[in-house]
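Working through the structure, step by step
Single-letter residue listing:
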Amino acid sequence: MMGKNPLWITAEEGALIIDEIVNGRKDTIVATSQTKKYADVQVLFIDRCTRCHTVNRVLKQNKTREEWQETILRMRDNAPELFLDEDIPILTEYLTERGKMMRDDVAAQIMVEKCLVCHEVGRILLERKSRKGWEDCVVDMRVLARQKFQKDWFSSDEFNLIVDLLVKTQGS
Ligand code: HEC
Ligand code: HEC
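Residue positions within a chain follow its written sequence, with the count starting from 1. Chain labels run from A onward and ligand labels from 1 onward, assigned in the order the entries are written. For this predicted model, a pLDDT threshold of at least 70 governs which residues receive local features, and a threshold of 80 or more governs which side-chain atom pairs are given and counted, while totals over whole chains, interfaces and linings are taken from all residues. Side-chain numbers here rest on the full set of heavy atoms in the structure, without hydrogens or water.

1. Structural notes on the packing of aromatic side chains
By convention, a stacked pair of Phe, Tyr or Trp rings (six-membered ring in the case of Trp) has centres within 6.5 Å and planes under 30 degrees apart, an edge-to-face pair has planes over 60 apart, and any other such pair is tilted. Here the structure, examined in full by the defined rule, presents two aromatic pairs. For the ring pair Phe45 and Tyr94, a centre distance of 5.4 Å and an interplane angle of 50 degrees mean the geometry is tilted. Within this pair, whereas Phe45 is found in helix H2 (residues 41-49), its partner Tyr94 is found in helix H5 (residues 87-115), the two being separated by 49 residues in sequence. For the pair formed by Phe45 and Tyr94, the shared burial category is buried. Each ring is checked for a lysine NZ or an arginine CZ that lies within 6 Å of its centre and within 35 degrees of its normal; such an atom marks a charge sitting over the ring. In this structure, Lys114 packs its charged tip against the face of Trp153, placed 4.9 Å from the ring centre. Under the DSSP-based scheme used, a helix requires at least four consecutive residues in state H or I and a strand at least two consecutive residues in state E, with every element numbered from the N terminus. Categorising residues by exposure relies on relative accessible area from a 1.4 Å probe, with only protein chains included: less than 20% of the type maximum marks a residue as buried, more than 50% marks it as exposed, and the intermediate range marks it as partly exposed.

Here it is, written out as structure tokens:
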């Protein structure tokens, strides 16, 4: 899993996750239903926020602090047993501060996987386009990729992340 997205899970975090899985097994054996506390905010975020959907879903939109809090509270309604009260401000702070950066990291990683299979990065970095221009370009790429690989090559969440990053770094 780390190999699939090296930017997302560092070696240290990998060790934490493995630890978590091993200890989690012990918990299941003694059948505690208690929600765990985490010292590390990123591990807390991954545990609470990636059970039901991917990180791409979480990072699809930029949000303000208030909007993040509203989203997190709504997510808790889906599964109150997953969340401690004290998680809410910690997660809100984390996503407000780190959300934009994570979004760009994730988008860059998706571009490496999805765009560089067919051509060199220079082909992309030389271009400047408006939002409309990038949308049209990435739609064309999606069609080409579907023909070549005989399957859908990126999801609509991935499409939006890629276009937003291109507009930000290479808008006209
Ligand atoms: C128990 C399952 C569950 C968990 C856990 C969960 N989500 Fe969700 N999430 C959903 C469902 C279902 C939807 C789609 C319906 C909706 O938008 O409420 C969704 C949609 C979203 C959306 C898109 C809609 C919007 O408001 O922008 C975001 C962002 C999101 N989740 C973030 C999070 C974050 C952050 C966490 C961790 C704090 C989290 N989710 C944890 C089930 C979950
Ligand atoms: C299935 C292979 C394939 C994939 C995947 C692919 N491309 Fe392309 N791309 C092409 C081909 C073929 C051309 C046209 C030949 C040329 O002009 O070099 C092209 C041309 C381009 C161009 C120059 C033409 C223009 O519209 O400005 C850009 C920019 C570009 N691609 C960006 C991307 C981006 C961004 C992605 C990822 C979302 C991507 N490509 C994914 C095959 C691909």
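2. Focus: the coordination of the iron atom of ligand 2
Because no water is among the atoms considered, metal sites can look incomplete, with donors defined as N, O and S atoms within 2.8 Å of the metal, or 3.2 Å for Na, K and Ca. All of the protein donors around the iron atom of ligand 2 are His119 (NE2) and Met141 (SD); their distances to the metal are 2.0 to 2.2 Å. Every geometry call rests on angle ranges, with four donors termed tetrahedral when all angles are between 85 and 135 degrees, four termed square planar and six termed octahedral when opposite donors are over 155 degrees apart and all others are between 65 and 115, and everything else termed irregular. Geometry at the iron atom of ligand 2 is octahedral, judged from its six donor atoms and the angles of 83 to 179 degrees they form at the metal. In this pair, His119 sits in the loop between H5 and helix H6 (121-125) while Met141 sits in helix H7 (residues 131-149), placing the two residues 22 residues apart along the sequence. Accessibility expressed as a relative area gives 32% for Met141, which makes it partly exposed.

3. A closer look at the side chain of Arg103
Here Arg103 is to be found in helix H5. Given the relative accessible area of 6%, Arg103 is considered buried. What qualifies as a polar contact is a pair of N or O atoms within 3.5 Å, subject to a donor-acceptor requirement within protein and to the restriction that residues adjacent in sequence count only when both atoms come from side chains. A polar contact of 2.5 Å, which involves the side chain of Arg103, links it to the backbone oxygen of Leu59. Of note is the side chain of Arg103, whose polar atom sits 3.5 Å from the side chain of Asn62. For Arg103, the residues in contact, after removing those within four places along its chain, are Leu59, Lys60, Gln61, Asn62, Leu161 and Asp164. Note on definitions: a residue-residue contact is assigned when non-hydrogen atoms from the two residues lie within 4.5 Å.

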